[in-house]
Structure formats: C-alpha cells, structure tokens
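Reading the structure
Read off the chains here:
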Amino acid sequence: MAPPKLRGALNIGFQLATTIGILAANLVNYGTNKIKGRYGWRISIGMAAIPAVIITLGALVLPDTPNSLIARGYTDEARRMLQKIRGTNEVDEELHDLVEASEAVKQIQHPWRNILQPKYRPQLMVSIFIPMFQQLTGINVIMFYAPVLFKTLGFGDNASLMSAVITGVVNMLATIVSIVVVDKFGRRFLFLEGGLQMFISQVAIGVILGKAFGASGVGEMGKGSANVLLFLICVYVAAFAWSWGPLGWLVPSEVFPLEIRSAGQSITVSVNLLWTFIVAQLFLMALCHLKFGLFFFFGIWCSLYGIYIFLFLPETKNVPIEEMNLVWKKHWFWGKYITDHDHQIGYSMRPMV
Ligand SMILES: OC[C@H]1O[C@](O)(CO)[C@@H](O)[C@@H]1O
C-alpha cells in the first residue's frame, strides 16, 4: 500500500513502537526500584499486564477491516466499512483494488514450496540471514542485560537502571533518525555505516573492559572509564537503531513477491525470535567464559554481515515491490538464479499485484 518513496519510513513505525515499549519498560524499572519494601520488582513485572489488558479490551470493540471482510466474502459490508473509515461514499476505486488484491492472494498456492525454487534463492537467503545477523549484532545483550552489565562495571543500582533508561532513549531517537533518512540514503548505506560504527564501538568496549578487568575478570574501573563505556554503548545502540534494527524488518518485507510473501515473512519472524532466544540464553555463560572477548566476538560478526550486505544485498530504496524482480535479475551473483523466463513471468504479473 505504501508509495515506494515512503515505504521505508512507514515500515519503520513497527520498530519505533518496539523501542518506545523498551524505553517505557526501562522507565518503569527505574521508578519501581525506588519503592520501599523490596517489592518494586513485582509491580514492575505486573505492569506488563497493562498493555495486554488494553489490547484485549480494544480487540472486543475493534471493527473488522475491509480486507478481512472481502476475504470472507462480505463485500457489501466491506464497502460500508470503507465508507465509514474514509468518511466518504466515493470508495469504489479503493474497493475494486482491495477485491483484486484479495483475488490475487487467493490464487497463490504453495508459498512454502515456491520459496524453495532456485529463482527465489536470494529472497530465501534474505529471510534467513538478515534476521539472524540482526540478532548477532548482540543488541539484546544490551537491551536485556544492560542493568546487570552496568552493575558489573561498578555502577550502583540506581545508576545502572538510569543507564538503561539512557540507552533506551538513544535507541528510540536513533530509530527516528532512520525514519527520516532511510528513503534518502538507502538501505545499503545504513546497513554498512551502522555495521562499521557497531564494529568500532564494540572493539573499543572490549579494549576498555580488557584493560580494566583482564582475563581474570577481576579488577576495578574508575568513574571516568565507566562513563566512557556508557558513551560507547550509546554509540553502539544508536548505530543499531538507525540500521540493523529497523532494516532487519524493512528489507525482508520489501523483497518478497506476493507468491512467497507469507512464507518469507514467517521465516523472517521465526529466525529473528529463534536467534533472540539463543543469544539471551547463552549470553551470561558466554560472558563468564569469554569476558571482555565477548565484545570482540560480536565485533567479528559485524564484519561478516558487512561482507554479506556489500556483496549480496542490492539496493531496494524507491523500487516498486512489483519491480524488485529486476533488481535481483541484474545482481552480479543472484542474477544467475533467475532465468529470462522467470523474469518475464515476474514482470507480466505486475498489473495483477
Ligand atoms: O530495539 C531493540 C530491539 O529490536 C529488536 O531487534 C527487534 O527489532 C529486538 O530484538 C530488540 O530488543
């Protein structure tokens, strides 16, 4: 639905909502920590029920979307709903588009089998590698464990929670930066710049931690070094938030043609959550074993995904989704997976999609 020139900015609304949620949780933690009687953490966890209750109650009064009504065969209701939403009776054109799109979706069979065809190899690789690399930036080490990390560095309880609020603010603001620049600078530039900035900050963090705590992991860190470290973590979070954070969702969502979109998006989300789980489970153990080396470990991943983007991901900025096929066809590596015949088919489907 989004016009190609604004697609990036609009799509990032999803990631912006995620960062607002993270910041809200960090603020709640900071506030409830001040409650006397050591039960603040119960309130903090319990408050997660508030958005859940709002969503549940909201769902009871949420009307059906025109799309869903059409898909279930209630075209007249869909028209009435569209008229209500748009505030006008002139909805014929939009209704016609929605009905056509719904017909096109109905014709799609076997998206899971289709995505395995050689011509969709580049999209399949995007759906696996982009979400995997997004999590291997190590972002959730900071997002999930920031207060633990800051406490280990010698910050007090309050300062640790405040530091998590600071990284949360940086995360949200830098996501807004991405919204502003993504359709101007393009996806590749942001991916590569963000990756380089994360690499530099992670290596610097590793060096500072290595100097202070060494291989034994025992030592002390002065206030000055701890503040430099907090700054470097913010530099790292900002880089993630204007690059891999939002683009990890945006790029997969714009490269799948309708024929494989449902399968492609399901793989992207599953791979992302799988790697989120793996990183979250292994982080504390890895920190105990690798100590400051853990930051070098994530730094190495930054260079690997930089190479993947540089060599294998074409620019998708401003390309209409139905013409994406041409972008892959022209690519030096993926082009050979797409025959001229496949390319023609992709093109002839254009008016339908
Ligand atoms: O903003 C950071 C958050 O963004 C995500 O990568 C999702 O896109 C989460 O895994 C992470 O907690």
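Residues numbered from 1 in each chain as written. Predicted model: local features only at pLDDT ≥ 70, side-chain atom pairs only at ≥ 80, totals over all residues. Heavy atoms only, no water.

**A short note on the overall build of the protein chain**
Stated formally: Each helix is a run of H or I in the DSSP string that is no shorter than four residues. Each strand is a run of E no shorter than two, and both are numbered from the N terminus. Only protein chains enter the accessibility calculation, which uses a 1.4 Å probe. A residue is then buried if its area is under 20% of the maximum for its type, exposed if over 50%, and partly exposed in between. Residue contacts follow a heavy-atom distance rule, with two residues in contact if any of their heavy atoms lie within 4.5 Å. Here the open area of atoms and residues is found with the Shrake-Rupley method and a 1.4 Å probe, where only the protein chains shown may cover a residue. For the purpose of counting charges, residues Lys and Arg are taken to be positive, whereas Asp and Glu are taken to be negative. His and the chain ends are not included. Charge positions come from single atoms, namely NZ of Lys, CZ of Arg, CG of Asp or CD of Glu.
Helix and strand counts for the protein chain come out as 18 helices and 0 strands. Its C-alpha atoms give the protein chain principal-axis dimensions of about 70 × 50 × 35 Å. Taking all 353 residues of the protein chain together, the buried fraction comes to 42%. When contacts within the protein chain are restricted to residue pairs at least 6 apart in sequence, long-range pairs at least 24 apart make up 74% of them. For the protein chain, the accessible surface area stands at approximately 18,600 Å², while carbon and sulfur atoms represent 68% of it. Counting 28 positive and 21 negative side-chain charges, the protein chain places the averaged centre of each group 13 Å from the other.

**Topic: the site of the ligand**
Test applied: Here a residue counts as near a molecule or strand whenever at least one of its heavy atoms sits within 4 Å of it. Throughout this description, a polar contact denotes any pair of N or O atoms lying within 3.5 Å of each other; where both atoms belong to protein, one of them has to be capable of donating a hydrogen while the other can accept it, and for residues adjacent in sequence the pair is counted only when both atoms sit in side chains. Each residue is assigned to one of three groups, with Ala, Val, Leu, Ile, Met, Phe, Trp, Tyr, Cys and Pro labelled nonpolar, Asp, Glu, Lys and Arg labelled charged, and all others, Gly among them, labelled polar.
As a structural note, the neighbourhood of the ligand is formed by Gln15, Thr19, Ile22, Gln134, Gln135, Asn140, Met143, Asn171, Phe240 and Trp249. At 2.6 Å from an oxygen atom of the ligand is found a side-chain nitrogen or oxygen belonging to Gln15. Between the ligand and the protein, one listed contact pairs an oxygen atom with a side-chain N or O atom of Gln135 at 3.1 Å. About the coverage of the ligand: the protein hides 91% of its 320 Å² of free accessible area. The set of elements that each furnish at least two residues to the shell around the ligand consists of helix H2 (13-32), helix H9 (121-136) and helix H10 (139-152). A per-element tally of the shell around the ligand places H2 first, with 3 residues. Each residue belonging to the shell around the ligand can be placed in one class, and the counts come to 4 nonpolar, 6 polar and no charged.

**Focus: the UniProt feature "transmembrane region" (unreviewed entry) in the protein chain**
Operational definition: UniProt positions are given in the numbering used here, feature names are shortened, and annotations may be inferred rather than shown by experiment.
In the numbering adopted here, UniProt assigns the feature "transmembrane region" (unreviewed entry) to residues 12-31, 43-62, 128-149, 161-182, 194-214, 226-245, 265-287 and 294-313. Annotated as 100% helix and 0% strand, the span residues 265-287 places its first and last C-alpha atoms 32 Å apart. For the annotated span residues 294-313, helix accounts for 95% and strand for 0% of the residues, and the straight-line distance between the end C-alpha atoms is 27 Å.

**Concerning the pattern of salt bridges**
Filter applied, for reference: Put simply, a salt bridge is a Lys or Arg side-chain nitrogen that is within 4 Å of an Asp or Glu carboxyl oxygen.
For the structure shown, the criterion picks out 8 salt bridges. With a shortest N-O distance of 2.8 Å, Glu254 and Arg7 are connected by a salt bridge. A residue pair is termed long-range when its members are at least 10 positions apart, and Glu254 in helix H14 (residues 244-255) and Arg7 in helix H1 (residues 7-11) qualify at 247 residues. A salt bridge links Arg187 to Glu254; its shortest N-O distance comes to 2.9 Å. Here Glu254 lies in helix H14 and Arg187 lies in helix H12 (residues 187-213), a separation of 67 residues in the sequence. Each member of the pair, Arg187 as well as Glu254, carries the same accessibility label: buried. Because the salt bridges share partners, they merge into one network encompassing Arg7, Asp183, Arg187 and Glu254.

**Notes on unusual backbone geometry**
Residue Arg38 is not a glycine yet carries a positive backbone phi of 60°. With respect to the secondary-structure elements, Arg38 resides in the loop between H2 and helix H3 (40-46). On the accessibility criterion, Arg38 (79% relative accessible area) is exposed. Within the chain, Asn318 stands out as a residue other than glycine whose phi angle is a positive 60°. Following the sequence through the fold, Asn318 ends up in the loop between helix H16 (293-312) and helix H17 (324-330).

**Quick look at the nonpolar core**
Stated precisely, the cut-off is as follows: We call a set of buried residues a nonpolar core when its members are Ala, Val, Leu, Ile, Met, Phe, Trp, Tyr or Cys and they connect through side-chain atoms within 4.5 Å of each other.
Residues Val126, Leu153, Phe191, Met198, Leu209, Trp244 and Trp328 are the most contacted members of the largest nonpolar core, which totals 64 residues. Residue contributions to this core peak at 9 residues, all from helix H13 (residues 223-242). Contacts of Trp328, omitting those with residues within four sequence positions, involve Pro122, Gln123, Val126, Val255, Phe312, Leu313, Pro314, Trp334, Gly335 and Ile338. Counting residues in each nonpolar core, the second largest holds 8 residues, with Ile70, Ala78, Met81 and Leu82 among its members.

**A closer look at the side chain of Asp183**
Topologically, Asp183 is positioned in helix H11 (residues 157-185). Here the side chain of Asp183 touches Ala9 through a polar contact of 3.0 Å, landing on its backbone nitrogen. A polar side-chain atom of Asp183 sits 3.1 Å from a polar atom in the side chain of Arg187. When sequence neighbours within four positions are dropped, the list of residues in contact with Asp183 reads Pro4, Lys5, Leu6, Arg7, Gly8, Ala9, Lys317 and Asn318.

**A few points about the side chain of His331**
Topologically, His331 is positioned in the loop between H17 and helix H18 (340-348). Of note is the side chain of His331, whose polar atom sits 3.2 Å from the backbone oxygen of Leu311. At 3.1 Å, the side chain of His331 forms a polar contact with the backbone nitrogen of Phe333.

**Topic: the confidence of the model for the protein chain**
This is how the line gets drawn: As a per-residue measure, pLDDT tells how confident the predictor is, with possible values from 0 to 100.
In this model, the protein chain carries an average pLDDT of 91, and 96% of its residues clear a pLDDT of 70 or more. At the level of individual helices and strands, the protein chain shows its lowest average pLDDT in H18, which scores 57, and its highest in H9, which scores 97. Segment residues 345-353: pLDDT under 50, and 6 contacts once partners within four positions in sequence are set aside and those in other chains are kept. The ipTM assigned to the predicted complex is 0.96, against a pTM of 0.89.

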